[in-house]
Amino acid sequence: MIAVPRGVIVLLCTGLQLCFGTVYAWSFFQTMLVRQLGWTNTDTAMAFGITIFSLGIAAAWAGMALPKLGPRKLALAGSTLFPLGYLIAALALEYNNLLLFYFGYGVIGGAGIGFGYVTPVATAAKWFPDRKGLATGLVVMGFGVGAFLFSQLLAPFLVVQTNEDLPQIFMWLGIIFAAILIPFSLFIVDPPESFAPPAGSAPAPPEPIGADHPRFVRRCLLSREFIIIWLIFFFNISAGISVISFQSPLLQDVWGIADPNLDPLILAEYGAMLIAVSSLFNGLGRLVWGLLSDHIGRVTVFRILLASQMIVFAILMTERDPWVFSALVCYILLCFGGGFATMPSFIIDVFGSKNMSAIYGAMLTAWAAAGIVGPLYVGYYKDFHPDRAVIYCFLIGMLILGLGLIFSFLLDAERIRLAKPSMEGTLRHYGIPAPR
């Protein structure tokens, strides 16, 4: 295999994330599925929820398997399963088979994203130990921006070319993604053992003592720090993904209140535009918050994310100006992306980089759980309390964020960011016998 500069590796990793991140444009199809197939909002929310759940579970397994299998094999697996999920979903749409759609788009496609998501992030962190916040922020930014390109370029083009034929749209998406992802995956590799950051770079932080011990990862996953960080991550994702899964229909509801005579096609265009613009904020947040966390600390960033979103969710409960509503949704996506940008570096700070892929993969089970919780409660209120759905959804989101903020104060920001425990203390903390 040809040697590839580390800058190119990061760009390829970002390209993978651009494709996988199109999952966040799910609400682009929301109204079309309900209108053409007669599925309920809860049905479609379940499809998105299964996708995110499968993503998180697959990412957890991929994180554990990454050191053994290597990034290229896992990237190829994800790059194969993700397009295959679209092809199976196309067949399901052709026969209006909801369960097959759940299996194809949800289970198979979601697993593909999970394999593909954790691999570029962990690989980029290894290539840039000196600038991990920037590198991982850039890679996960691609995941956020992917929905913009999808909702403004690829999906509208296919809608026009196929005359809104959903089976054909999903079939072509599978073909296009396979043509991009599989070649990119061939070049995703770990740095060689002789690799060293450029001269003058900041030194990478030392690994915790005992990181090579077989029980290290298991003890990390059972530690107080991991559990608290998992809960904070879960609450931040739950609030944000509830908005992502229904942002287009929710905005159309708000526009419908502001102008009841507005044409449904215009409403759909406004919804697609919100998906696109908010996706840019999702991507931008992954870069900006990742960089900021390098300077003020990961815990401080999460506290800002959670507290500021609580205020925004409180305003959204009663805000009926579509433009203000859209701007506030964009801020939520900015914070949503920020959580994903900060978490890889957070894991490295607390548990070291040697076992980052395994611990980060396990952390992504919070994404899996949030992917079920967030979309389903919004779908429920859209189906059974449509006139109050906006208020209820943002009220629940505000309460969820409040719980995350409370848990964040159980972490000592300065100790996590600055402290370097002694050898005996580190071994004792993770339950590993000290060497005799």
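About the thresholds
Residues numbered from 1 in each chain as written. Predicted model: local features only at pLDDT ≥ 70, side-chain atom pairs only at ≥ 80, totals over all residues. Heavy atoms only, no water. Helix = DSSP H or I, 4+ residues; strand = E, 2+ residues; numbered from the N terminus. Contact = heavy atoms within 4.5 Å. Salt bridge = Lys/Arg side-chain N within 4 Å of Asp/Glu carboxyl O. Buried < 20%, exposed > 50% of the residue type's maximum accessible area, 1.4 Å probe, protein only. Phe/Tyr/Trp six-rings, centres within 6.5 Å; stacked < 30°, edge-to-face > 60°. Lys NZ or Arg CZ within 6 Å of the ring centre and 35° of its normal. Axes fitted to C-alpha atoms, helices over the stretch in contact; angles between N-to-C directions. Parallel < 35°, antiparallel > 145°, perpendicular 65-115°, else oblique. Nonpolar A, V, L, I, M, F, W, Y, C, P; charged D, E, K, R; others polar. Core = buried A, V, L, I, M, F, W, Y, C linked by side-chain atoms within 4.5 Å. Patch = residues over 30% accessible without salt bridge, like charges linked within 9 Å, V, L, I, M, F, W, Y side chains within 5 Å. Areas by Shrake-Rupley, 256 points an atom, 1.4 Å probe, with all protein chains shown as cover. pLDDT = per-residue confidence, 0-100. Polar contact = N/O pair within 3.5 Å; in protein donor to acceptor, adjacent residues only side chain to side chain.

1. With respect to the overall build of the chain
Summing up its helical and strand segments, the chain has 17 helices and zero strands in all. Sequence separation of 24 or more characterises 84% of the internal contacts of the chain that already satisfy a separation of 6 or more.

2. Structural notes on the pattern of salt bridges
One side chain can pair with another of opposite charge once the charged atoms of both are near each other. Applying the stated criterion across every chain yields a total of three salt bridges. We note a salt bridge from glutamate 164 to arginine 35, for which the minimum N-O separation is 2.9 Å. One end of the pair, glutamate 164, is in the loop between helix 6 (132–162) and helix 7 (166–185); the other, arginine 35, is in helix 2 (residues 27–37), with 129 residues separating them in the sequence. Overall, the relative accessible area of 30% leaves glutamate 164 in the partly exposed class. Aspartate 190 is the salt-bridge partner of lysine 126, the closest N and O atoms lying 3.4 Å from each other. In this pair, lysine 126 sits in helix 5 (residues 98–127) while aspartate 190 sits in the loop between helix 7 and helix 8 (216–221), placing the two residues 64 residues apart along the sequence. For aspartate 190, a relative accessible area of 29% translates into the label partly exposed.

3. Details of the packing of aromatic side chains
If you walk through the whole model with that rule in mind, you get 37 aromatic pairs. Centre to centre, the rings of phenylalanine 82 and phenylalanine 177 are 5.2 Å apart; their planes meet at 45 degrees, and the pair counts as tilted. Of this pair, phenylalanine 82 sits in helix 4 (residues 71–94) while phenylalanine 177 sits in helix 7; the two residues are 95 residues apart in sequence, bridging distant segments of the chain. Since its relative accessible area comes to 3%, phenylalanine 82 is described here as buried. By relative accessible area, phenylalanine 177 is classed as buried at 3%. A centroid spacing of 5.0 Å and a plane angle of 40 degrees characterise the contact between tyrosine 380 and phenylalanine 384, whose relative ring orientation is tilted. Placement of both tyrosine 380 and phenylalanine 384 in helix 14 (residues 365–384) is noted, with a separation of four residues, approximately one turn of the helix. Residue classification places tyrosine 380 among the partly exposed residues on the basis of a relative accessible area of 39%. Above the face of the phenylalanine 409 ring, arginine 303 is positioned so that its terminal group lies 4.4 Å from the ring centre.

4. Quick notes on the side chain of serine 326
Mapped onto the elements, serine 326 comes out in helix 12 (residues 322–351). For serine 326, a relative accessible area of 14% corresponds to the buried category. With near-sequence residues (within four places) excluded, serine 326 lies in contact with Leu251 and Leu274.

5. Concerning the packing of helix 13 (residues 356–363) against helix 14
Geometry of a packed helix pair, given as the angle between the helix axes and the separation of the axes. Running from N to C, helix 13 and helix 14 cross one another at 15 degrees; their axes reach a closest spacing of 4 Å. By the angle between their axes, helix 13 is roughly parallel relative to helix 14. Contacts from Gly361, Ala362 and Met363 of helix 13 reach helix 14 at Thr365, Ala366 and Trp367. The residue makeup of the contact of helix 13 with helix 14, split by class, is four nonpolar, two polar and no charged.

6. Side note on the nonpolar core
Counting residues in each nonpolar core, the largest one holds 141 residues, and the members touching the most others are Tyr24, Phe29, Phe101, Phe170 and Trp367. No other element matches the 18 residues that helix 9 (residues 224–258) contributes to this core. Here phenylalanine 101 is in contact with Trp26, Trp39, Ala47, Ala89, Ala92, Leu93, Gly106 and Phe170, once residues within four sequence places are set aside.

7. Side note on a nonpolar patch on the surface
A cluster of nonpolar residues, Met273, Val277, Leu280, Phe281, Leu284 and Val288, forms a patch on the protein surface that exposes about 460 Å² of accessible area. Counting through the fold element by element, valine 288 comes out in helix 10 (residues 264–296).

8. Considering the environment of alanine 314
Turning to its location among the elements, alanine 314 is positioned in helix 11 (residues 298–316). For alanine 314 and methionine 398, which are 84 residues apart along the polypeptide, the C-alpha to C-alpha distance reads 6.5 Å.

9. Digging into the packing of helix 3 (residues 41–69) against helix 14
Contact pair helix 3 / helix 14: the axes reach a minimum separation of 7 Å and the direction vectors enclose 175 degrees. The angle between helix 3 and helix 14 falls in the class roughly antiparallel. Each residue belonging to the contact of helix 3 with helix 14 can be placed in one class, and the counts come to 15 nonpolar, seven polar and two charged.

10. Let's talk about unusual backbone geometry
Even without being glycine, asparagine 96 reaches a positive phi, approximately 50 degrees. Relative to the elements of secondary structure, asparagine 96 occurs in the loop between helix 4 and helix 5. For asparagine 96, a relative accessible area of 39% corresponds to the partly exposed category. You will see that glutamate 164, though not glycine, has its phi angle at about 60 degrees, which is positive.

11. Thoughts on helix 2
Turning to helix 2, its buried residues are Ser27, Phe28, Phe29, Gln30, Met32, Leu33 and Leu37. Positioned one or two residues after helix 2, glycine 38 has a phi angle of 80 degrees, which is positive.

12. Some points on the confidence of the model for the chain
Summing up the model confidence of the chain, the mean pLDDT is 83 and the portion of residues at 70 or higher is 87%. Mean pLDDT per element in the chain: helix 17 (residues 423–429) is the minimum at 44, and helix 4 is the maximum at 96. Counting contacts from residues 417–427, a segment whose pLDDT is below 50, to residues more than four positions away or on other chains yields 16 contacts. Ignoring residues within four places in sequence, the model shows residues 432–436, a span with pLDDT below 50, making ten contacts including any to other chains.

13. Structural notes on helix 13
An α-helical turn contains 3.6 residues, so any two residues separated by three or four positions project in the same direction. Taken across its eight residues, helix 13 has eight buried, putting it largely inside the fold. The set of residues buried in helix 13 consists of Met356, Ser357, Ala358, Ile359, Tyr360, Gly361, Ala362 and Met363.

14. Describing the side chain of serine 308
Among the structural elements, serine 308 can be located in helix 11. Polar contacts involving the side chain of serine 308 include one to the main-chain carbonyl oxygen of leucine 305, which spans 3.3 Å.

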